[in-house]
Amino acid sequence: MLIILYNIIGEIMIEERIKELTEIINKANHDYYVNDNPTITDQEYDRYMEELMRLEEAHPEFKKVDSPTQRVGSEVISSFKKVTHEIPMLSLGDIFNEEEIILFDERVKKVVPNPKYVAELKMDGLSVSLLYKNGELVRAATRGDGVTGEDITHNAKTIKDIPLRIKQPIDIEVRGEIYMSKASFKRLNENGANFANPRNAAAGSVRQLDSKVAASRNLSCFIYHLPDPEDYNIYTHFDALNFMKELGFVVNPNNRRINNIKELMEYVDYYTKERPKLPYEIDGIVIKVDDLNDQKRLGYTARSPKWAIAYKFPAEEVLTRVRDIICTVGRTGQVTPSAILEPVRVMGSLISKATLHNEDYILSKDIRIGDIVSIKKAGDVIPEVVKPIVERRDGTEKKFNMVEKCPICGEELTRKEDEAAYYCLNEHCPARKQEKLFHFTSRHAMNIIGFGDRIIEDFYNLGYLKDDDDFYHLYEHKEDLKELEGFGEKSIEKLLDEIEKSKNNSLERLLFGLSIRHVGTKTADILAKEFKNIDNLMKASFDDLASIKDIGNTIAKSVYDFFKDENNINLINKLKEDGVNMSYLKEVSTEETVFTGKTFVLTGSLERFTRDEAKIRIEELGGTVSGSVSKKTSVVIAGSEAGSKLTKAKDLGITIWDEEEFLNNLSKY
Ligand code: IVH
């Protein structure tokens, strides 16, 4: 009796839950697509959807005709006939930014040295396979799970872009995308429908049992794939597109044959801008290797072809939850709060942490632990929390209280006048020390390759590294180091070699590496050039420093104070004894050269120089080297495998030298 009662209660609860999930998902869809105001995170959405699918599968008796799961499109609906795709309908790998396009091109080039591509708009609809026998449409099927789809012939026949009879009486399968134009979508919703977007509207229309419904929806279809081109003596994808067009299919006129990465980037840029003006929705660009033999050589992964990729337009702002707010200590002692987030993909990268800058920022935006927040990532910058979604609060969120003590060493924090930031002023704080050590090895400082922050932390905790000069005594622990997990004879030798090499660096690297407040790479360069060696610099008065062009009072005071500090003087002396170079090694030519006054950008790999060597040569001859291409760039020196910088330089009409030309110009002096 009790068991039966439990079962009944269980069933009622499941039915209730299905209803509840349906409502949540429908509302989320409405908020996201119609109101353009998302209220739940992607993870939450996926979790609800998975739960609903699971319950519906176990209890089909409770599944509603309007269930949101029917819009997902990976499930085969039982009332439609199942269709097996002889050649599976694969999906494409996704990429999200220009660098990944360049990487794709590089991967292709490893197999196909000089690839040509076709770039196409990525239609936001649902893919369809159309089968013709003797020139007549006999079957249309959705993709389903790629192997088994649903027979939608009766609805496909209502779509005007899908020919019922093609221009040749042949057997052929073609594939493409059924979509709904923006205008038809608007009209449909104005007439009382409530679809979230044109893709869902197209999918919902195609999955109707009554073909009168699909017929009334004004669907369209572009064809973009011929699975068996060789049967028709076709050897490039572009020719396949033309062939299908000749047969009477509608092929997107915006498809382009692409000769090189520059043209590819131009296509992507153009349609990124043009996207709002198009009469249909696109969600990215599809890039396909054109030559079918090249496609064969590239092959497939289990899920997608290696010869094609989908570049997806970025989602600019996404929602996620703040799991915690933590404070980290930088090498200057500045304590910065960061939000620890439920991982989420933004602009192509997985984000689990975002800066909150300082206490004032958190207070002014009222960001709380547990909040759903929108986060934004613009280009290469650190992801940032934009705002909390206040409507999503349920009362469990906790206000953040700025720590009063250093989270690492416990020192009372100090807020400097006119600054929003708090500082740990304890010179011996382990966090500060480790950050400082890490900075000493960094690329623009002593450039000691092989030190990650984990190694620094381990060596610090083992007592091998405390101050910067300890790097030059690590060899004394060589035998112990070899015993450490993750290290071997070879890796330790390599690390020690790198350390040894760094002794010959020019002065500016050491100055930057010493973590003097307000001294970045540019100031370090100026100081090194001006004083030529560290002794001159250490003797300089505040006025000597402040009178240098581009050195203001704040920097002058900071540098002056640094070299008056006993600990710092000791450190410099120890480094000197260790044999670290303390002089400026570059002498800039006073003679006018083709490099004088010009700004150079180095890109790609040069055969005869490292980047640093090339930089030194340019600077010796009076030029400067910058990291990014802009209108101010005079010359871009492009080695092999040059990527987006070269493309940009070409766009801006900037002079480009290859390595040969660079060498010719160097040899004049
Ligand atoms: S090619 C093997 N071209 O994007 C070739 N797909 O993420 C596979 N799509 O399932 C497809 N526009 O539904 C291709 N111009 C286009 C496309 C396109 C939209 C869709 C298609 C596919 C998905 C892959």
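Preceding this section is the structure that the text describes.
The text that follows walks through the structure, step by step, so that each part is easy to find. (Residues numbered from 1 in each chain as written. Predicted model: local features only at pLDDT ≥ 70, side-chain atom pairs only at ≥ 80, totals over all residues. Heavy atoms only, no water.)

Attention now goes to the environment of I40. Mapped onto the elements, I40 comes out in the loop between helix 1 (2-34) and helix 2 (42-58). Here I40 falls in the buried class, since its relative accessible area comes to 16%. A sequence separation of 15 residues divides I40 from I25, and the C-alpha atoms of the two residues are 9.5 Å apart. (Helix = DSSP H or I, 4+ residues; strand = E, 2+ residues; numbered from the N terminus. Buried < 20%, exposed > 50% of the residue type's maximum accessible area, 1.4 Å probe, protein only.)

Moving on to the packing of aromatic side chains. Applying the stated criterion to the full structure yields 21 aromatic pairs. Ring geometry for Y179 and F222: centres 5.1 Å apart, planes at 20°, overall stacked. Linking Y179 in strand 7 (residues 172-180) with F222 in strand 8 (residues 219-225), this pair joins segments that are 43 residues apart in sequence. You'll find Y179 and F222 in the same group, each marked buried. Centroid distance F595 to F662: 6.3 Å. Interplanar angle 70°. Geometry classified as edge-to-face. A residue pair is termed long-range when its members are at least 10 positions apart, and F595 in the loop between helix 21 (566-577) and strand 19 (599-603) and F662 in helix 24 (residues 659-666) qualify at 67 residues. Considered together, F595 and F662 belong to a single accessibility category, that of buried residues. (Phe/Tyr/Trp six-rings, centres within 6.5 Å; stacked < 30°, edge-to-face > 60°.)

As a further point, take helix 21. Across its 12 residues, helix 21 extends 17 Å between first and last C-alpha, which sits within 8% of the 16 Å expected from 1.5 Å per residue. All buried positions along helix 21 are accounted for by N568, L571, I572 and L575. Down the axis, helix 21 shows its buried residues gathered within 95° of arc, on one side only. For helix 21, the exposed residues set more than 90 degrees away from the buried face come down to E566 and E577. In this fold, the buried residues of helix 21 make contact with helix 12 (430-441), helix 16 (507-513), helix 18 (534-539) and helix 20 (553-564). In this structure D565 caps helix 21, since a side-chain oxygen of it lies 2.7 Å from the backbone nitrogen of N567. After helix 21 finishes, the residue G579 shows a positive phi value of roughly 95°. (Expected span 1.5 Å × (residues − 1). Arc of directions from axis to C-beta. Contact = heavy atoms within 4.5 Å. Polar contact = N/O pair within 3.5 Å; in protein donor to acceptor, adjacent residues only side chain to side chain.)

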